[in-house]
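Given next are the chains, with one letter for each unit.
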Amino acid sequence: LCSGIEIEEIRWQCYKGVGIRKGDLGICDKIEDKKTKEECYADAVYILKDIHICDSLDNSGAGDRCYINFRTATNDTSVCNKVKDPESAAECGRV
C-alpha cells in the first residue's frame, strides 16, 4: 500500500497512519525519519497499551505525547510523573 509512494514524506505519513490504526510497530519501523517514526510509536500506544513503548522513545516531545496517550488509553495517572514538560504533565493529569 505505502511502498509504492515515491515521495518519501508522503510514504512515511502513509506508514504512520497504517501503523497507528493497526497498532503495528513493524510498520512504524519502515519509517526512515526518526521524528515521524517516534510519533507513530507514540500514537500506536492507544491500541497496544504498552508503557515500554514510551520508555524507549528518545525524543522528549514524542515521549511526553506517548505517556499522555497511554494515560488516556488506560486511565493510569501514575505515568504522568514521567512527562518531562511541565505543561504537558499538567495536561496529563487532566485528561
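Our structure's up above, just so we're on the same page.
The present account deals with the structure reproduced in this document. (Residues numbered from 1 in each chain as written. Predicted model: local features only at pLDDT ≥ 70, side-chain atom pairs only at ≥ 80, totals over all residues. Heavy atoms only, no water.)

### Concerning the nonpolar core
Phase 1 of the analysis: Residues V45, I51, C54, L57, C66, Y67 and F70 are the most contacted members of the largest nonpolar core, which totals 25 residues.
Phase 2 of the analysis: Looking at this core element by element, the count peaks at five residues for helix 5 (residues 60–74).
Phase 3 of the analysis: Residues in contact with V45, not counting those within four places in the same chain, are D50, I53, C54, C66, N69, F70 and A73. (Core = buried A, V, L, I, M, F, W, Y, C linked by side-chain atoms within 4.5 Å. Buried < 20%, exposed > 50% of the residue type's maximum accessible area, 1.4 Å probe, protein only. Helix = DSSP H or I, 4+ residues; strand = E, 2+ residues; numbered from the N terminus. Contact = heavy atoms within 4.5 Å.)

### Points about the packing of helix 1 (residues 8–22) against helix 3 (residues 34–48)
Phase 1 of the analysis: Where helix 1 meets helix 3, the axes come as close as 7 Å, and the angle between the chain directions of the two elements is 20°. As far as their axial angle goes, helix 3 and helix 1 are roughly parallel. Judged by the twist between their axes, the crossing of helix 1 over helix 3 is right-handed. When helix 1 is examined against helix 3, the residues W12, Q13, Y15, K16, G19, I20, R21 and K22 are found in contact with a partner set consisting of T36, E39, C40, D43, A44 and I47.
Phase 2 of the analysis: Split by residue class, the contact of helix 1 with helix 3 holds six nonpolar, three polar and five charged. (Axes fitted to C-alpha atoms, helices over the stretch in contact; angles between N-to-C directions. Parallel < 35°, antiparallel > 145°, perpendicular 65-115°, else oblique. Left-handed = near helix turned anticlockwise from the far one by under 90°. Nonpolar A, V, L, I, M, F, W, Y, C, P; charged D, E, K, R; others polar.)

### Overview of unusual backbone geometry
Phase 1 of the analysis: If you check the backbone angles, K49 has positive phi at about 50° while not being a glycine.
Phase 2 of the analysis: Turning to its location among the elements, K49 is positioned in the loop between helix 3 and helix 4 (51–55).
Phase 3 of the analysis: In this structure, N75 is a non-glycine residue whose phi angle is positive, near 65°.
Phase 4 of the analysis: Looking at where N75 falls in the secondary structure, it is placed in the loop between helix 5 and helix 6 (86–94).
Phase 5 of the analysis: By relative accessible area, N75 is classed as exposed at 58%.

### Section: a nonpolar patch on the surface
Phase 1 of the analysis: A surface patch of nonpolar side chains, amounting to about 260 Å² of accessible area, comprises Y46, I47 and L48.
Phase 2 of the analysis: On the secondary structure map, I47 appears in helix 3. (Patch = residues over 30% accessible without salt bridge, like charges linked within 9 Å, V, L, I, M, F, W, Y side chains within 5 Å. Areas by Shrake-Rupley, 256 points an atom, 1.4 Å probe, with all protein chains shown as cover. Salt bridge = Lys/Arg side-chain N within 4 Å of Asp/Glu carboxyl O.)

### A look at the packing of helix 5 against helix 6
Phase 1 of the analysis: Packing of helix 5 against helix 6 leaves a shortest axis separation of 9 Å and a crossing angle of 10°. The orientation of helix 5 with respect to helix 6, classified from their angle, is roughly parallel. Only S88, E91, C92 and G93 of helix 6 make contact with helix 5, whose side of the interface consists of D64, I68 and R71.
Phase 2 of the analysis: The residue inventory of the contact of helix 5 with helix 6, partitioned by class, reads two nonpolar, two polar and three charged.

### Re the state of the cysteines
Phase 1 of the analysis: Going through the model one piece at a time under the given rule, you end up with four disulfides.
Phase 2 of the analysis: Here C28 is linked by a disulfide to C40, with a sulfur-sulfur distance of 2.0 Å. Measuring handedness by torsion sign, the sulfur bridge of C28 and C40 sits at about -65° and is left-handed. Of this pair, C28 sits in helix 2 (residues 25–28) while C40 sits in helix 3; the two residues are 12 residues apart in sequence, bridging distant segments of the chain. Residues C28 and C40 agree in their burial class; the two are buried.
Phase 3 of the analysis: In this model, C54 is linked to C66 through a disulfide, with the two sulfur atoms separated by 2.1 Å. Here the S-S torsion is close to -75°, and the disulfide linking C54 with C66 is therefore left-handed. (Disulfide = S-S within 2.5 Å.)

That's the geometry; what it means functionally is another story.
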